[in-house]
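# Topology and contacts: notes
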Amino acid sequence: MRFGRIATPEGMTFAVIDDEGTTAKQIKGTPFTEPEYTGKEWPLESVRLLAPMLPSKVVAIGRNYADHVAEVFKQSAEHLPPTLFLKPPTAVIGPDAAIKIPDFATRVEFEGELALVIGVPCKSVQAEDWKSVVRGVTIVNDVSSRDLQFADGQWARAKGIDTFCPLGPWIETDLDKFDFDDLPIKAHLTHDGVTETKQDSNSNQMIWKIGKIIEFITSSYTLLPGDVICTGSPAGTAEMVPGDAIEVEIDGIGSLRNPVERA
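What you see is a predicted model, and the numbers here were worked out from it, not measured in a lab. (Residues numbered from 1 in each chain as written. Predicted model: local features only at pLDDT ≥ 70, side-chain atom pairs only at ≥ 80, totals over all residues. Heavy atoms only, no water.)

## As for the domain arrangement of the protein chain
- Considered domain by domain, the protein chain is made up of domain 1 (2–49) and domain 2 (53–262).
- Taking only C-alpha atoms into account, the centre of domain 1 sits 25 Å from that of domain 2.
- At the boundary of domain 1 with domain 2, the tally comes to 1 salt bridge.
- Between Glu172 and Arg2 there is a salt bridge; the shortest N-O distance is 3.4 Å.
- There are 4 residue pairs in polar contact (both at pLDDT 80 or more) connecting domain 1 and domain 2.
- At the level of elements, strand S1 (2–8) and strand S2 (11–17) are the ones that each hand at least two residues to the side of domain 1 that touches domain 2.
- Class assignment for the residues of the side of domain 1 that touches domain 2 results in 7 nonpolar, 2 polar and 2 charged. (Domains from an automatic or database assignment. Salt bridge = Lys/Arg side-chain N within 4 Å of Asp/Glu carboxyl O. Polar contact = N/O pair within 3.5 Å; in protein donor to acceptor, adjacent residues only side chain to side chain. Helix = DSSP H or I, 4+ residues; strand = E, 2+ residues; numbered from the N terminus. Nonpolar A, V, L, I, M, F, W, Y, C, P; charged D, E, K, R; others polar.)

## Let's talk about the pairing of strand S15 (residues 184–191)
- Judged from the 8 bridges that link them, S15 and strand S16 (residues 194–202) form a sheet pairing that is antiparallel. In the strand pairing of S16, Lys186 is matched with Asp200.
- Count of turn residues in the S15/S16 antiparallel hairpin: 2 residues, of which Asp192 carries a positive phi of about 55 degrees.
- With 6 bridges joining them, S15 and strand S18 (residues 245–250) adopt antiparallel strand pairing. Considered in S18, the bridge of Leu189 is made with Ile246. (Pairing = 2+ DSSP bridges.)

## Comments concerning the pairing of strand S11 (residues 112–118)
- Across the 7 residues that make up S11, a large majority, 7, are buried.
- In S11, alternate side chains face the same way, and those of Gly112, Leu114, Leu116 and Ile118 on one face and Glu113, Ala115 and Val117 on the other are all buried.
- Taken together, the 7 bridges between S11 and strand S12 (residues 134–141) define a ladder with antiparallel strand orientation. The partner of Leu114 across the bridge, within S12, is Ile139.
- Pairing of S11 with strand S17 (residues 228–230), which is carried by 3 bridges, proceeds in the antiparallel orientation. Bridge assignment links Leu116 to a residue of S17, and that residue is Ile229. (Buried < 20%, exposed > 50% of the residue type's maximum accessible area, 1.4 Å probe, protein only.)

## Details of the pattern of salt bridges
- Applying the stated rule across the entire model yields 16 salt bridges.
- Arg262 is the salt-bridge partner of Asp103, the closest N and O atoms lying 3.7 Å from each other. Placement of the pair is Asp103 in the loop between strand S9 (99–101) and strand S10 (108–109) and Arg262 in strand S19 (residues 254–262), with a sequence separation of 159 residues.
- By relative accessible area, Arg262 is classed as partly exposed at 42%.
- Between Glu111 and Lys159 there is a salt bridge, with its nearest N and O atoms 3.4 Å apart.

Next comes the structure, spelled out in structure tokens:
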């Protein structure tokens, strides 16, 4: 099942999106229980998809793909293990919303990633039990200002600027349909009207798998329904500038596209 959050002429609401991605059926409440339909529905083209969730926090794992560690940090993953950081909820935007780059961020890159949406309050989750706490998966673009990231020495500002966390297009709840150990992840950059595939990797490059990530995070943090976990970026990240567009694509979920503008 696919849950989305949409803007309609009547306001914002959660909805179930059909498998063809053509119709949004309004539900009562939130996606954390079995859906209760109101009877209202809209063609998807007549509403606006928003970020599927407004999390209390976005928890991210950095340096979790061996190919990306070598690409950005010029070291092997053996010497730079994954690290944990937070992105504020004010960074979250939805599909087709603009990533806005401020003047003080001089080298901004996209990072297309698989994201997990937590479904229940949880703490101290064992790796093998991870599916019991995850409501579904979606796509995230962990936008990063490389100049600030390396100048600051920590990543809160570089990755937490307003609009630096595009999320969507919806939450896919059927976890069993995915092979999370062999999941293609791609990102396509459009610059000066030319589209080029930059990221073309696979979750088999993950250093820590999903269960280990959740176990590690919940040893420190209580996660709440709607919280989002970014599982790390594969190689292929590249700079984007105002006027560009970036589209992240993950098999079985869909694609997340955002234009880039000057703040």
